[in-house]
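Take a look at the letters that make up each chain.
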Amino acid sequence: MSKFLEIALVAAMFATPAAAEAIKLGRPALPEEVAAWDIDVAPRDVGLPEGSGDVTTGEELFVEKCAYCHGDFGEGVDRWPVLAGGQGSLTEPRPVKTIGSYWPYLSTVWDYVHRAMPFPEPQSLSVDETYAITAYLLYVNDIVDEDFVLSKENFASIKLPNEDNFYDDDRDTVEVPRFSVEPCMENCKEKAEIVMRAAVLDVTPEDAAARKAREEAAARAAEGAETGTAAAETATAAAPAESAEGEAAQGAIDPELAARGEKVFKKCKACHQVGEGAKNKTGPHLDGVVGRKAAAVEDFKYSSAMRAAAEDGLVWDAEALHAFLKKPKAFIKGTKMGFSGLKKDSDIDAVIEYLRQFGG
Amino acid sequence: MTRKSGPSTTRRGLLKGALAAGGAAVVGGAARAGNGDPAILEPQPWRTSLGDGVDAHPYGMPVEYERHVVRRNVPWLTADPVSSVNFTPLHELDGIITPNGLCFERHHGGAAVIDPGMHRLMINGLVDTPMVFTMEDIMRFPRENRVYFLECAANSGMEWRGAQLNGVQFTHGMVHNVMYTGVPLRYLLEAAGVKTAGTWILAEGGDASAMTRSIPIEKAMDDCLVAFKMNGEALRAEQGYPIRLVVPGWEGNMWVKWLRRIEVGDRPWHQREETSKYTDLMPDGRARRFTWVMDAKSVITSPSPQKPILHGPGRTVITGIAWSGRGTIPRVDVSLDGGVNWHRARMDGPSFDKSIHRFYYEFDWDGRPLLLQSRAMDSTGYVQPTKNQLREIRGTESIYHNNGIQTWAVNEKGIAENVEVS
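Residues numbered from 1 in each chain as written. Chains lettered and ligands numbered in written order. Predicted model: local features only at pLDDT ≥ 70, side-chain atom pairs only at ≥ 80, totals over all residues. Heavy atoms only, no water.

(A) Region of interest: the overall build of chain B. Looking only at helices and strands, one finds nine helices and 24 strands in chain B. Across its three principal directions, the C-alpha atoms of chain B cover 85 × 55 × 40 Å. Taking all 422 residues of chain B together, 61% fall into the buried category. Put simply, of all contacts in chain B between residues at least 6 apart along the chain, 72% involve residues at least 24 apart. Counting 47 positive and 46 negative side-chain charges, chain B places the centres of these two groups 2 Å from one another. (Helix = DSSP H or I, 4+ residues; strand = E, 2+ residues; numbered from the N terminus. Buried < 20%, exposed > 50% of the residue type's maximum accessible area, 1.4 Å probe, protein only. Contact = heavy atoms within 4.5 Å. Lys, Arg positive; Asp, Glu negative; His and termini not counted. Charge placed at Lys NZ, Arg CZ, Asp CG, Glu CD.)

(B) Main features of the nonpolar core. Counting residues in hydrophobic clusters, the biggest one holds 66 residues, and the most contacted among them are Phe133(B), Leu185(B), Leu188(B), Leu189(B), Ile201(B), Leu259(B) and Ile262(B). Residue contacts for Phe133(B): discarding those within four places in its chain leaves Leu25(A), Gly26(A), His119(B), Arg120(B), Leu121(B), Ile123(B), Ile138(B), Phe141(B), Leu188(B) and Ala191(B). Core analysis: the second largest hydrophobic core is formed by 35 residues, Leu106(A), Ala132(A), Tyr136(A) and Leu281(B) among them. (Core = buried A, V, L, I, M, F, W, Y, C linked by side-chain atoms within 4.5 Å.)

(C) Layout of the interface of chain B and chain A. Each partner contributes to the interface: chain B provides 115 residues, whereas chain A provides 98 residues. With both sides pooled, the region where chain B packs onto chain A buries about 9300 Å², and carbon together with sulfur makes up 57% of that total. For the interface between chain B and chain A, the tally reads 12 salt bridges. The salt bridge involving Arg197(A) is made with Glu417(B); its shortest N-O contact spans 2.3 Å. (Buried area = accessible area lost by both parts, 1.4 Å probe. Salt bridge = Lys/Arg side-chain N within 4 Å of Asp/Glu carboxyl O.)

(D) Structural context of the domain arrangement of chain A. Residue and element names in this part refer to chain A. Domain annotation for chain A reports domain 1 (41-165) and domain 2 (255-356). Once you take the C-alpha centre of each, domain 1 and domain 2 turn out to be 29 Å apart. On the domain 2 side, the residues contacting the nine residues of domain 1 number 10 residues. The interface formed by domain 1 and domain 2 holds zero salt bridges in total. On the surface where domain 1 and domain 2 come into contact, there are zero residue pairs in polar contact (both at pLDDT 80 or more). Split by residue class, the side of domain 1 that touches domain 2 holds five nonpolar, no polar and four charged. (Domains from an automatic or database assignment. Polar contact = N/O pair within 3.5 Å; in protein donor to acceptor, adjacent residues only side chain to side chain. Nonpolar A, V, L, I, M, F, W, Y, C, P; charged D, E, K, R; others polar.)

(E) Spotlight on the sheet that holds strand β22 (residues 370-377) of chain B. Strand order in the open sheet formed by six strands is β5(A)-β24(B)-β23(B)-β22(B)-β18(B)-β19(B), and the pairing between neighbours is antiparallel. Looking at strand neighbours, the two that pair on one side only are β5 (194-197) of chain A together with β19 (343-344) of chain B, the edges of this open sheet. (Pairing = 2+ DSSP bridges.)

(F) The sheet that holds strand β16 (residues 297-302) of chain B, seen in detail. Residues and elements named next belong to chain B. A sheet is described by the order of its strands in space; here four strands give the open sequence β16-β17-β21-β20, paired in antiparallel fashion. The strands lining the two open edges of the sheet, one partner per strand, are β16 and β20 (346-348). Across the sheet, the axes of successive neighbouring strands diverge by a mean angle of 35 degrees, strand direction being ignored. Bridging between β16 and strand β17 (residues 314-323) involves five bridges; their strand directions are antiparallel. Counted as the bridge partner of Ile300 is Gly320 from β17. (Axes fitted to C-alpha atoms, helices over the stretch in contact; angles between N-to-C directions.)

(G) Just the state of the cysteines, in detail. Tallying each qualifying case throughout the model produces one disulfide over all chains. Just so you know, Cys224(B) is unpaired, no disulfide at all, and the nearest cysteine sulfur is the one on Cys152(B), 18 Å from it. (Disulfide = S-S within 2.5 Å.)

In structure tokens:
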């Protein structure tokens, strides 16, 4: 750090003459351009826009737009971040680091929600919606009451509980001197014994992958040894291409449209898997969904509304899917799907085309 | 591609290759009269038929025998692969440069694919004139070429509580080393004219996560680059095409990809990735923040759990990598007995500031079990600590900046596994 500061000082000394000779390229940014991109908010209200939102509105928005990953009360679903609770856990094994237990500044919550959330639809929340969701997050962390309204005016009055427990990197004084000593080369300790093995945990994915690769290689080798004929090899090599062609012919899938749909599907991926090995996540897997009866994935817990629709004979043909994806909550009132819908019809058509590739 | 006979004979070759690799001592070492090596005695297809023409592979890829050399992820680590990480296959690499397609990926809203014609870099805040640069503008500034490592602050973060993942790819694979071509950030800031009150910058990405990090102006004016090439070719999409920030020696999260904006301010912004994340929780419940520099670190890449010793006792090569955010690595020591005794490793290849260095240790293995360790010393004299030395200060919940000494236990068969030793 000291060397770095030295360099910095030298740089600062030359800053004035260098600035005089600055390379003039680019063009001045227009005020509206700066306004469009300058969305950051920092502590002490820096950058915070005018607006407000209350806990109740925030709860409605949160349940609709956030709860499918974070849970209705910020408790977290699967491995998505836990946003509430955890107070008092920071000195315990497996601490729970939430807005209430860990985050130092409320401005960070506002900034991040506005900048990057909801995960599949970033920068889709209005200023007031962001205030409301931030207010709800304060509420679920027991920092404000249920009738609280957060606004630009009272924002600075909220201090998060853990603000004072951060300090600047002190490795240069605490660690670097301790570790900067001539290392021992001989008889540095009496003996070294194994005290823990990763193999016991058996959580390494490589094991399975490497095993599969080895087995495949062995199978290929065996196959080559047994047949050893050009014909057999050619058939194997050609198989993937043939089946790909076969699929296209059978379903008459428009590959361009499906490719666009794959991009649109990024919005869905946070909750839905599709394709080989697809599993249920927050939402059911979507293999074979097109043309299938609604609520048909056996081991998925659908909403009662979705099950009722299935009993009424709802089948996910292109038309029904289109209506559902346009406005999920209008099509099936009470669906668990938190996604607010795809605005463009062309996006909906594309994503259905993409899903058609996976059976149905 | 052009001949049907190719694949079949190639596969036969593969079988023999596998046999040769598995039983090298038998095939290679014990060839007797009348029992010669078929690799020599039999005509091989690559000698008796023609290979592909120059138009077969307009963009070349590794040969089929290397197709297992890929990035891999650990599915249970994160909720979703769109906001996740994969790992560089360090066990398969040598030298100091990471090939572009094998550089680990970490993004927070998927890998954006940006049309360079529509990309803009804005500089605003405490400047004389807020500026906008197109890619064409950026390319007209003087360029620099520098080799730097990029390490995620969470590299080895899964190992704080003890040995967990059985492979150097997973324990240490959130690092890569690339030659960047770029424009010093200083030139761009000077074009806008930083006001004297400007002491910090905020770097922001143009992807769906709009990643942001605060960086002190001293670092920004010192050695940061706005890079557009890696190893001579355009950045890969997953590495921030068309431009990324290069912040030498500092944690990877600060190297904002898809860089779209630099704001100059007079204090840090305390964004999510410098408060909720990338802060180091200490045993007393308080947390270190702004822990930017990556401490000196090394690891043996071969042998390692994914790269066992297959040749049996005798002449054996140990190799690995070392790097430091504070300078170069003049020295690495290797231990065969879990840190009781140490030997100076041989450094080889170029030694660049804040770059990966390559080391080797060649020895005669007697076939007895080994406890392999490596220990880096950087140009400031800092020596890589043991994991327990780190835990004494930091406990086991700090996630980031785990640069402790790694141990691989090698058994008499040459199989290696991730262990911790007393």
